[in-house]
Amino acid sequence: MRMKLPEPKTTGVVSVEEALNKRRSTREYAEAGLNLFEVAQLLWSAYGITSSEGFRTAPSAMALYPLEFYLSATLVEGLPLGFYQYVPTSHELKKLGDESKREELYTASFEQTALAGAPAILIISGIYDRTKEKFGESGPDYVHMDLGHAAQNVHMQAVSLNLGTVVIAAFRRDDVKKALSLPEEETPLYMMPVGRLPGSAC
Ligand SMILES: Cc1cc2nc3c(=O)[nH]c(=O)nc-3n(C[C@H](O)[C@H](O)[C@H](O)COP(=O)(O)O)c2cc1C
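Residues numbered from 1 in each chain as written. Predicted model: local features only at pLDDT ≥ 70, side-chain atom pairs only at ≥ 80, totals over all residues. Heavy atoms only, no water.

Q: When you look at the nonpolar core in this model, what are you seeing that I'm missing?
A: For soluble globular proteins, the rule of thumb is that nonpolar side chains tend to be buried together. Formed by 37 residues in total, the largest nonpolar core has its most connected members in Val39, Leu67, Phe69, Leu71, Leu79, Leu93 and Ile124. Every element with two or more residues in this core is listed here: α2 (36–47), β3 (67–73), β5 (82–87), β7 (120–127), α6 (139–160) and β9 (186–196). Per-element tally for this core: the top contributor is α2, with eight residues. Leave out the neighbours within four places in its chain, and Leu79 touches Met3, Leu36, Val39, Leu71, Ala73, Tyr84 and Leu93. Ala114, Ala118, Val166 and Met191 belong to the second-largest nonpolar core, a separate cluster that totals 18 residues. (Core = buried A, V, L, I, M, F, W, Y, C linked by side-chain atoms within 4.5 Å. Buried < 20%, exposed > 50% of the residue type's maximum accessible area, 1.4 Å probe, protein only. Helix = DSSP H or I, 4+ residues; strand = E, 2+ residues; numbered from the N terminus. Contact = heavy atoms within 4.5 Å.)

Q: Is there a simple way to think about the environment of Asn21 in this case?
A: Mapped onto the fold, Asn21 is located in helix α1 (residues 16–22). The exposure class assigned to Asn21 is exposed, which follows from its relative accessible area of 67%. Asn21 sits 97 residues away from Ala118 along the chain, and the two C-alpha atoms are 23 Å apart.

Q: Would you mind showing me how to read the packing of aromatic side chains here?
A: The relation between two aromatic rings is expressed through the spacing of the ring centres and the mutual angle of the planes. Per the stated rule, a full pass over the model turns up four aromatic pairs. Measuring from ring centre to ring centre gives 5.6 Å for Tyr47 and Tyr65, while their planes differ by 85 degrees; the resulting arrangement is edge-to-face. Placement of Tyr47 in helix α2 and of Tyr65 in the loop between α2 and β3 is noted, with a sequence separation of 18 residues between them. Looking at Tyr47, the relative accessible area reads 1%, which means it is buried. Measuring from ring centre to ring centre gives 4.8 Å for Tyr47 and Phe69, while their planes differ by 50 degrees; the resulting arrangement is tilted. Taken together, the positions of Tyr47 in helix α2 and Phe69 in strand β3 put the pair 22 residues apart, joining distant regions of the chain. Take Phe69: its relative accessible area is 1%, and that puts it in the buried class. Three or more aromatic residues link up through ring pairs in this structure, and these residues are Tyr47, Tyr65 and Phe69. Seen from the ring of Tyr65, Arg56 lies directly overhead, with NZ or CZ sitting 4.2 Å from the centre. The ring of Phe171 has Arg173 lying over it, and the distance from NZ or CZ to the ring centre is 4.4 Å. (Phe/Tyr/Trp six-rings, centres within 6.5 Å; stacked < 30°, edge-to-face > 60°. Lys NZ or Arg CZ within 6 Å of the ring centre and 35° of its normal.)

Q: Looking at this structure, how should I read the site of the ligand?
A: Close contacts around the ligand come from Arg23, Arg24, Ser25, Arg27, Gln112, Val166, Val167, Ile168, Ala169, Ala170 and Tyr190, and that covers them all. In this structure, an oxygen atom belonging to the ligand sits 2.8 Å away from a side-chain N or O atom of Arg23. Ser25 is positioned with one of its side-chain polar atoms (N or O) 2.5 Å from an oxygen atom of the ligand. Here the ligand, which alone exposes 620 Å², has 55% of that area covered by the protein. (Near = heavy atom within 4 Å. Polar contact = N/O pair within 3.5 Å; in protein donor to acceptor, adjacent residues only side chain to side chain. Areas by Shrake-Rupley, 256 points an atom, 1.4 Å probe, with all protein chains shown as cover.)

Q: How do you make sense of α6 when you look at a structure like this?
A: A rise of 1.5 Å per residue sets the reference length of α6, with its 22 residues, at 32 Å; its end C-alpha atoms lie 32 Å apart and thus fit the reference within 8%. At the C-terminal side of α6, Asn162 shows a positive phi close to 60 degrees. (Expected span 1.5 Å × (residues − 1).)

Okay, here's the thing in structure tokens:
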């Protein structure tokens, strides 16, 4: 099942300087959930298409785009609980399962509590095969550089939406890969739990 996401907003009231100044890794979230517009905007900020040539919100070495984005949705208004893949070319979510797998992600992360309480978690995986031909043995470096750009975009977008997030890299990659049934060629690299800031209004 595929679901068209709300059109991304390309203007906002928080300046880049303000977002840079306010950005902080946030590991505790309010009980409240997110909504579909917010998760759509976060996904778009990571890898959304911004030009007719297919270029995106984040730079990518030789425009190879070696990253894939998944969403574990536990409490997102307008989105049934489940596990999804973001399809940047059509700005859609593809449903891959009826469980969010949050518990499995939490366990795989050595029980990092940020994951246990998050209404939504972005999972970013890399496909090293996509950079191998152009960059040879340096290919993995380029995947990781791309990852940093995309994750920082999500951080900035989260500030602009008054949401909290953190990049989590300390987890058992094989366990996450298995829990999410990721394709063989993919390696999960970051998990980004997202939630409302404690004490903030919806
Ligand atoms: C490559 C990388 C891996 C990280 N892994 C984790 C992690 O597994 N768990 C976590 O809570 N924070 C993780 N962080 C977030 C850092 O702890 C955080 O950025 C740092 O303490 C500085 O705080 P700030 O982001 O609020 O400025 C990671 C950050 C980076 C860049």
